[in-house]
Amino acid sequence: REVSSTRQSAAGIIGQKVKPAGYASLQSSLAMPPDQMSIQTQTTSDGVVMKIPSGMIANHFGLAGLLSFIRAAEAEPNLVALALGTDLTSLGLCLTADSTSLHHSFTSPFAEWPSKAQDIDFPVPEEYLVNSSIGEKLAPIKLHRYEDDLLFYLYYHSCGDVLQLAASAELYQRDWRFHKEEHVWLQRCPGMDPLAKDPLYERGRYQVFEVSAWRTMTREMHIQYDQLEACPRLPHASR
């Protein structure tokens, strides 16, 4: 009898849906009217939650902890991203577009520019990878024959490639200089000397290539020589 009763009790325990401790109090607190719950729960000016119902999850990972964290975020703006998250549109994401694919333009929340086609890795058939077999057979690119506009195209569309260095070196030979703070290419206007000049800086009118408008514009600038990029050094194999 003792064995059979033990089996029966064990079968009953296994067959039943065991409810965790505090389930009844939690269920009663969830069924509590909102006005009654707001009367019991109080929040002080420093964000401390008091008089929490016994059934509410009261640890710092629960609703009460989230409420306290949001209160603290009002005084410390740096905590808003942790408590409430970040507006994705502020990171440059267009959430109203018809397409839901973001990888075509969104690289990461830390990138300053949208991603380009050459920055994305695409799986291609093995027979398309012919650089190792015909790379040495191709005629060398003679950049000195190209116009400035094509050199700018190669520079801005070959990021991270040796062709970008080669294009910038050719632009440097044509008296173009890259401004490291303004992030533009510039050169002195033809036939015009600087208005002021000393060993550290010069001031005058310059031709500036505006990549956003894709054209050369004239601007009067004050240029520190240490703000100009030096001539890039090309790998020996690419010369």
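The following paragraphs examine the structure supplied in this document. (Residues numbered from 1 in each chain as written. Predicted model: local features only at pLDDT ≥ 70, side-chain atom pairs only at ≥ 80, totals over all residues. Heavy atoms only, no water.)

**With respect to the packing of aromatic side chains**
Note the threshold: Stacked, tilted and edge-to-face are the three classes applied to pairs of Phe, Tyr and Trp rings, where Trp contributes its six-membered ring and a pair requires centres within 6.5 Å; stacked means planes under 30 degrees apart, edge-to-face means over 60, and tilted covers the rest. Think of it this way: any DSSP run of H or I at least four residues long counts as a helix, any run of E at least two long counts as a strand, and we number them from the N terminus. For each residue, the accessible area found with a 1.4 Å probe, counting protein chains only, is set against the maximum for its type, and the residue is called buried under 20%, exposed over 50%, and partly exposed in between. Lysine NZ or arginine CZ positioned within 6 Å of the ring centre and within 35 degrees of the ring normal marks a charge as sitting over the ring.
Under the definition given, this model contains ten aromatic pairs. With centroids separated by 5.4 Å and ring planes inclined at 85 degrees, the aromatic side chains of Tyr155 and Trp185 adopt a geometry described as edge-to-face. On the criterion of sequence distance, the pair formed by Tyr155 in helix α7 (residues 148–156) and Trp185 in strand β4 (residues 184–188) is long-range, its members being 30 residues apart. For the pair shown, Tyr155 and Trp185 are each scored as buried. Ring geometry for Tyr156 versus Trp214: centroids 6.2 Å apart, planes at 65 degrees, classification edge-to-face. Residue Tyr156 is located in helix α7, and its partner Trp214 is located in the loop between β6 (201–210) and β7 (215–224); the two are separated by 58 residues in the primary sequence. With relative accessibility at 29%, the residue Trp214 sits in the partly exposed group. Above the ring of Tyr172, the side-chain terminus of Arg177 is found at 3.7 Å from the ring centroid.

**Digging into the pattern of salt bridges**
Side chains that carry opposite charge are capable of pairing whenever their charged atoms lie near each other. Rules: The salt bridge criterion pairs a side-chain nitrogen of Lys or Arg with a carboxyl oxygen of Asp or Glu, the two atoms within 4 Å.
Applying the stated criterion across every chain, the model contains five salt bridges. Between Glu202 and Arg188 there is a salt bridge whose closest N-O contact spans 2.7 Å. In this pair, Glu202 is assigned in strand β6 and Arg188 in strand β4, connecting sequence segments 14 residues apart. With a relative accessible area of 39%, Arg188 lands in the partly exposed category. Salt-bridge contacts for Arg203 lead to Glu220; the nearest nitrogen and oxygen are separated by 3.6 Å. A residue pair is termed long-range when its members are at least 10 positions apart, and Arg203 in strand β6 and Glu220 in strand β7 qualify at 17 residues.

**Focus on the packing of α7 against helix α8 (residues 162–173)**
We apply this condition: What counts as an axis is a line fitted to C-alpha atoms, over the stretch in contact for a helix, and the angles between N-to-C directions run from 0 to 180 degrees. When the near helix sits turned anticlockwise from the far one by under a right angle, the crossing is termed left-handed; a clockwise turn instead gives a right-handed crossing. We call two residues in contact whenever any of their non-hydrogen atoms come within 4.5 Å of each other. Under the grouping applied here, Gly and all other residues not named as nonpolar or charged are polar, the nonpolar ones being Ala, Val, Leu, Ile, Met, Phe, Trp, Tyr, Cys and Pro and the charged ones Asp, Glu, Lys and Arg.
The contact between α7 and α8 brings their axes to 8 Å, and the two run at 145 degrees. Both α7 and α8 take part in a crossing whose hand is left-handed. Residues Leu151, Phe152, Leu154 and Tyr155 of α7 pack against Leu163, Gln164, Ala167, Ser168, Glu170 and Leu171 of α8. Tallied by class, the residues present in the contact of α7 with α8 amount to seven nonpolar, two polar and one charged.

**Quick notes on the pairing of β4**
Inclusion rule: Paired strands are those between which DSSP finds at least two bridges.
Counting buried positions along β4 gives four out of five residues, so the element sits mostly inside the fold. Sheet topology places strand β3 (residues 177–179) next to β4; three bridges connect them, and they run antiparallel. Its bridge partner being in β4, His179 is matched across the sheet by Val184. The turn linking β3 back onto β4 is made up of four residues, and His183 within it adopts a positive phi angle of 60 degrees. Examined bridge by bridge, β4 and β6 share four bridges and lie antiparallel to one another. Paired with Gln187 across the strands is Gln207, a residue of β6.

**A word on the pairing of β6**
Each regular strand shows side chains that alternate between the opposite faces of the sheet. When strand β5 (residues 196–197) meets β6, the two strands line up antiparallel, connected through two bridges. What sits directly across from Ala196, in β6, is Arg203. Where β5 hands over to β6, the hairpin turn is made up of three residues, counted between the paired strands. Two strands pair when backbone bridges link them, and β6 and β7 are joined in this way by ten bridges, in the antiparallel orientation. Across the sheet, Tyr201 pairs through a bridge with Gln224, a residue of β7. What sits between the antiparallel neighbours β6 and β7 is a turn of four residues, in which Trp214 has the positive phi angle 50 degrees.

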